[in-house]
Amino acid sequence: MRKACIDAGVMTSKNWGRTFNALVDRGFLEIQEPFVSVSDKGQQAVTGA
């Protein structure tokens, strides 16, 4: 996920950790080890629904 975001230019490797943690803390991503998924809140933010 990190590599894909950096390769797509969504973020830099320098701010990856801070940005990822913020997305989890704000409920846009969910961690169920070993998986990370987009939450319902994250889906709504992406689709605008």
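Please read these numbers as outputs of a predicted model, since none were measured by experiment. (Residues numbered from 1 in each chain as written. Predicted model: local features only at pLDDT ≥ 70, side-chain atom pairs only at ≥ 80, totals over all residues. Heavy atoms only, no water.)

Chemist: Explain the packing of aromatic side chains here, please?
Modeler: How two aromatic rings sit relative to each other is given by the distance of their centres and the angle of their planes. Applying the stated criterion across every chain, the model contains one aromatic pair. Positioned above the aromatic ring of phenylalanine 28 is the side chain of lysine 41, whose terminal nitrogen or guanidinium carbon lies 4.8 Å from the ring centre. (Phe/Tyr/Trp six-rings, centres within 6.5 Å; stacked < 30°, edge-to-face > 60°. Lys NZ or Arg CZ within 6 Å of the ring centre and 35° of its normal.)

Chemist: I would appreciate a short explanation of a nonpolar patch on the surface in the present structure.
Modeler: On the surface, a nonpolar cluster with roughly 260 Å² of combined accessible area is contributed by Met1, Ile31 and Val36. With respect to the secondary-structure elements, methionine 1 resides in the segment before α1 (2-7). With relative accessibility at 49%, the residue methionine 1 sits in the partly exposed group. (Patch = residues over 30% accessible without salt bridge, like charges linked within 9 Å, V, L, I, M, F, W, Y side chains within 5 Å. Areas by Shrake-Rupley, 256 points an atom, 1.4 Å probe, with all protein chains shown as cover. Salt bridge = Lys/Arg side-chain N within 4 Å of Asp/Glu carboxyl O. Helix = DSSP H or I, 4+ residues; strand = E, 2+ residues; numbered from the N terminus. Buried < 20%, exposed > 50% of the residue type's maximum accessible area, 1.4 Å probe, protein only.)

Chemist: Could you clarify how one ought to interpret the pattern of salt bridges in this entry?
Modeler: A side chain with one charge can pair with a side chain of the opposite charge if their charged atoms come near. Enumeration over the complete set of coordinates arrives at one salt bridge. Lysine 3 is the salt-bridge partner of aspartate 7, the closest N and O atoms lying 2.6 Å from each other. Of this pair, aspartate 7 and lysine 3 are both found in helix α1, four residues apart, which corresponds to roughly one turn of the helix. You can call aspartate 7 exposed: its relative accessible area is 55%.

Chemist: So what exactly am I meant to see when it comes to the pairing of strand β2 (residues 35-38) here?
Modeler: When a strand is regular, its side chains alternate between the sheet's two faces. Where strand β1 (residues 29-32) lies against β2, four bridges are found, and the strand directions are antiparallel. Pairing of glutamine 32 across the sheet is with phenylalanine 35, part of β2. Hairpin geometry of β1 and β2 is characterised by an intervening segment of two residues between the two adjacent antiparallel strands. (Pairing = 2+ DSSP bridges.)

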